[in-house]
Amino acid sequence: MPRAMNVVPNRGSRLLLALLPFLLIALIYVVGSAQRRADNPEDKLLPPVAEMFSTSKRLATEPDRRSGDYVLWADTAASLQRLALGLGIAAVVGLALGLAIGLLPLAGAGFGTLVAVLSMIPPMAVLPILFIVFGLGELSKVVLIVIGVTPTLVRDLSLEVQSMPREQLIKAQTLGASTWQVAIRVVLPQIMPRLIKCLRLMIGPAFLFLISAEAIASDVGLGYRIFLVRRYLSMDVILPYVAWITLLAFVFDLALVWIGRRAFPWAYDGGAR
Amino acid sequence: MSTLSFRNVWVEYGNQVVLERINLEIASGTFLSIVGPSGAGKSTFLRLILGQERPSQGAVLLDGQPFPAEPGPDRGIVFQRYSVFPHLTVLGNVLLGYELAASPFTARLFGTARKAAVEKSRALIEAVGLGPHCDKYPSALSGGMQQRLAIAQALAKQPRVLLLDEPFGALDPGTRAQMHALIKPLWREHQMTIVMVTHDIKEAFGLATRLIALDRPRKDPQAPERFGARITYDLDLTRDSPVPVLGFIRASVQAAQ
């Protein structure tokens, strides 16, 4: 009998083992839901799967009686637009600042401490300020995501730049590269895989900020809907929405992995870095 | 193709003296090996030429002229590791040198200019024996192949001085022998001045036309950092030179004490 640490599942059993916890959770839910319904037909806490399914179908395929929108898709589009804008702006700012702080000792001396301090500000604490300054529209939600995500990106990317072997930067200079050329041809491409990794990790926080902002002041969006129907205890809406958000985040994660592998094959070859 | 001069060079960090009283003229086209124990300032010596470091006293001159205190395209380098860019293919690594020179803003070449540069790069890659590996990334190359690439990359700039910092130290003996067979003809063909730091005495004698040894001739047991390293041996290894008299410099140092 080999040691437990040496027992490696093969492909098939790996898939099975991955599915097992999901099936188990589903089973527990179905049983629990049926039990609660049996005790109290009016129970709203654990709606049966069929009920959640019909509600989701209504939200996705029937226009809302008041606004005429397909609620699920309108919410998804609004939320994804905010998320994409927020993460996109954060990525660009993070790359530029991270690169400058990591590569230029002057910029590091000037902004390094500032970014370190700013990154300690809880973004949710400044949300009221954002609402006051930027109003209750789209801008304040996007800015919240940017504020929440950017400092981490800047710090991580600047550390990544600083951890690059000095030899490479010197070699580039002996090839006649200016600071600008080193930045765009040597450093920038090499921190892109790190940016992808960071963005993967920041999808969770970005959704957190998005849903928080939507919950407080919005008229459309995934987070808005969840907090709206909470008043009616509509678990048949909340649970599918949570599952949908989770699925979206999971798909983004996969997409980022795929983009990273396609765009930066050198970073994944043999796991060199 | 150029001469390097060290004029009474001292390097000190605070109280620690690394190099002291280095006087050296390196003639154009010399293949100079530098040997010495660890901590004798071999790498510091190289960094002085590279411009990464300034002497505390004295001057280092390239063709009789001082040069800026930062690395530049007239002084190429091959490090023991990390000399090549992992995000560029073999071709991209060599091409980069041409792209940097020709295009200050985008650092990229297009059209016929690119074609010409690719051609020159391929010739260099062929010369170091990496022809069939043009489109591979460095992570797919062996250590020896990476060093070949680093050499090709440095040659693209046609540096006046090529610095080799233990370039073959991480290679197995067979690969090292191949690299020795590669570097000597390249040195002749490109008529460069080469300065190589190495721990391998055989390599130092086998490749170089001149060899210097750095060591600390004076030692104060109470303050081991009080005295820096000097050139303790300076051997002419060209075939038609008089037989080097081993130790004659050390004798003069001892006489001076």
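Scroll up for the structure.
The paragraphs below set out a description of the structure included in this document. Remember, it's a predicted structure, so these values are computed and weren't measured experimentally.

1. Observations regarding the packing of helix H2 (residues 90-102) of chain B against helix H4 (residues 143-155) of chain B
All names here are of chain B. The interhelical angle for the contact between H2 and H4, taken along N-to-C directions, is 25°, at an axis separation of 8 Å. Put simply, H2 runs roughly parallel to H4. The two elements H2 and H4 meet at a crossing, and its hand is right-handed. Facing Val-90, Asn-93, Val-94 and Gly-97 of H2, the residues of H4 in contact are Leu-149, Ala-152 and Gln-153. Class assignment of the residues belonging to the contact of H2 with H4 gives a composition of four nonpolar, three polar and no charged.

2. What to know about the sheet that holds strand E7 (residues 161-165) of chain B
Residues and elements named next belong to chain B. Strand order in the open sheet formed by six strands is E6-E7-E8-E3-E9-E10, with mixed pairing between adjacent strands. Strands with a single pairing partner mark the edges of an open sheet, and in this sheet they are strand E6 (75-78) and strand E10 (230-236). When strand polarity is set aside, the average angle formed by the axes of neighbouring strands in this sheet is 20°. The strands touched by H4 within the sheet are E6 and E7, with E6 carrying the most contacts at an inclination of about 175°.

3. Here's the deal with helix H7 (residues 166-174) of chain A
Owing to its 3.6 residues per turn, the α-helix aligns residues three or four sequence positions apart on the same side. Here H7(A) has its buried residues at Ile170(A), Lys171(A), Ala172(A), Gln173(A) and Thr174(A). Lining the buried residues of H7(A) we find helix H8 (179-216) of chain A together with helix H1 (42-50) and E6 of chain B. Two residues or fewer after H7(A) comes Gly176(A), characterised by a positive phi angle close to 90°.

Each value, and the rule that gives it
Residues numbered from 1 in each chain as written. Chains lettered and ligands numbered in written order. Predicted model: local features only at pLDDT ≥ 70, side-chain atom pairs only at ≥ 80, totals over all residues. Axes fitted to C-alpha atoms, helices over the stretch in contact; angles between N-to-C directions. Helix = DSSP H or I, 4+ residues; strand = E, 2+ residues; numbered from the N terminus. Parallel < 35°, antiparallel > 145°, perpendicular 65-115°, else oblique. Left-handed = near helix turned anticlockwise from the far one by under 90°. Contact = placed C-beta atoms within 7 Å. Nonpolar A, V, L, I, M, F, W, Y, C, P; charged D, E, K, R; others polar. Pairing = 2+ DSSP bridges. Buried ≥ 20, exposed ≤ 12 C-beta atoms within 10 Å, placed from the backbone.

Read these as geometric descriptors, not functional statements.
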